[in-house]
Amino acid sequence: PRVAAFAHKVTREPWGLDGTAKIDIRRQKDLADCFAGQKDTDCPKGDPEKEIYKVISPAEQEQSDLTYAITIIQPGKVGDEYHMTRGHFHKRADAGELYFGLSGSGVILMQDRLGSVTKEDIAEGAVVYIPPGLAHRTVNTGQGELVFLAAYSPQAGHDYESIVRRGFSKRVVERDGRAELVDA
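Within every chain, residues take consecutive numbers counted from 1 along the sequence as written. Residues qualify for local features only when their pLDDT is at least 70, as the model is predicted, and side-chain atom pairs are given and counted only at 80 or more; totals for whole chains, interfaces and linings, by contrast, use all residues. Note: side-chain values were computed over all heavy atoms of the structure, leaving out hydrogens and water.

Undergrad: Now, about the nonpolar core: what can you tell me, with residues and values included?
TA: A general trend in soluble globular proteins is that nonpolar side chains are found buried together. Tyr99, Ile108, Leu109, Ile122, Val139 and Phe148 are the most contacted members of the largest nonpolar core, which has 30 residues in total. Helix numbers and strand numbers start at the N terminus; a helix is a DSSP run of H or I with at least 4 residues, a strand a run of E with at least 2. Of all the elements in the fold, those that place two or more residues in this core are strand 4 (51–58), strand 5 (67–73), strand 9 (105–111), strand 10 (117–123), strand 11 (127–130), strand 12 (135–140) and strand 13 (146–152). Only buried Ala, Val, Leu, Ile, Met, Phe, Trp, Tyr and Cys residues count toward a nonpolar core, and they belong to the same one when joined by side-chain atoms within 4.5 Å. Buried means the residue's accessible area, taken with a 1.4 Å probe over protein chains only, is under 20% of the maximum for its type, while exposed means over 50%, and partly exposed covers the values in between.

Undergrad: Kindly report on the packing of aromatic side chains, identifying the contributing residues and their values.
TA: When the centres of two rings from Phe, Tyr and Trp lie within 6.5 Å, Trp using its six-membered ring, the rings pair. Their planes under 30 degrees apart give stacked, over 60 give edge-to-face, and anything left gives tilted. Scanning the entire structure with this criterion turns up 1 aromatic pair. Aromatic side chains Tyr99 and Phe148 sit 4.5 Å apart centroid to centroid with 25° between the ring planes, which places their arrangement in the stacked category. Taken together, the positions of Tyr99 in strand 8 (residues 97–103) and Phe148 in strand 13 put the pair 49 residues apart, joining distant regions of the chain. The same class applies to Tyr99 and to Phe148, which are both buried. Arg113 extends its terminal NZ or CZ atom over the ring of Phe89, reaching a point 3.7 Å from the ring centre. We call a charge positioned over a ring when the NZ of a Lys or the CZ of an Arg lies within 6 Å of the ring centre and within 35 degrees of the ring normal.

Undergrad: Describe the layout of surface pockets, naming the residues involved and giving the relevant values.
TA: Taking a probe equal in size to a water molecule and rolling it over the atoms shows the remaining empty space. Think of a 1 Å grid over just the protein atoms. A cavity is a set of points where a 1.4 Å probe fits yet cannot get out, a pocket is an open set with protein on both sides within 12 Å along at least five of seven lines, and lining residues have an atom within 4 Å of a point. Grid points are joined across faces, edges and corners, and a volume is the space filled by probe spheres set on the points. Taken as a whole, the largest pocket holds about 500 Å³ of empty space. Looking at the lining of the largest pocket, the elements with two or more residues in it are strand 3 (21–27), strand 4, strand 5, strand 8 and strand 13. Of the residues contributing to the lining of the largest pocket, the split by class is 9 nonpolar, 10 polar and 6 charged. Under the scheme applied, nonpolar residues are Ala, Val, Leu, Ile, Met, Phe, Trp, Tyr, Cys and Pro; charged residues are Asp, Glu, Lys and Arg; polar residues are all the others, including Gly.

Undergrad: Which residues make up a nonpolar patch on the surface, and what are the values?
TA: Nonpolar side chains (Val, Leu, Ile, Met, Phe, Trp, Tyr) within 5 Å and like charges within 9 Å form the patches, drawn only from residues with over 30% relative accessible area and no salt bridge. Under the convention used here, a 1.4 Å probe and the Shrake-Rupley method define accessible areas, while residue burial counts only the protein chains that appear. Here, a salt bridge means any Lys or Arg side-chain nitrogen found within 4 Å of an Asp or Glu carboxyl oxygen. Taken together, the side chains of Leu98, Val127 and Tyr129 define a hydrophobic patch exposed on the protein surface, amounting to about 280 Å² of accessible area. Structurally, Tyr129 can be placed in strand 11.

Undergrad: How would you summarise unusual backbone geometry if you had to cite specific residues and measurements?
TA: Residue Pro14 is reached from Glu13 by a cis peptide bond, and omega for that bond is 5°. Examined against the element boundaries, Pro14 turns out to sit in the loop between strand 1 (10–11) and strand 2 (16–17). Despite not being glycine, Asp176 has its phi angle at roughly 55°, a positive value.

What is shown is where atoms sit, not what they do.
See the structure below:
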C-alpha cells in the first residue's frame, strides 16, 4: 500500500510541529542511569522532575518509510555533566540518521560497539550524518536550548538496552567553564 504524504510546519517560540504531534518528555529521573554518580531513580544531584529534553514527532511517523522529529535539550548540568539525550543504537544495523541543527550548540557523541567514540559539533545550520552501527547521544553544551531535527527510518528501531548495560565510554563535563570530553 502506498503511504500518504504528510507535512508539518516547524514552529518556534515554543518549538514544535503544527498539527497532530506526539511529545515525549524525559526528566532527570528517567535518565538517572545516564549521568555519572546516579543510580536508578536516585537523583541526589538535582530535581528528579526537572525536564532534560523532549522529542516532538508527527503522529503519522509509523506509517512512513522516512520520518522526522524535533528534539529540544534544555541547558544545564547534573553535577558537572551537561544535559544530554539517553542515547541509543538502532535495532536495524543498516540504519543511519541525519541531524539538522535549528538552534543552540552542543556535541553529538557516536560510539561503536567496541566503545570507540567520535564527536561532531552541532549548532544552528549544521547537518550531521550518523552512520549505521553507531550509538549516538546529543549533549547541550550551550547557554540556551539545543534544538535539532532528526530524519530517520521509523523501522530503524531504538536499542536503549545496550547503552543501559555498557554506557558511553566518554562523557561531556564542564571544566574551567568549558565543555570537555572525558573518560567515563
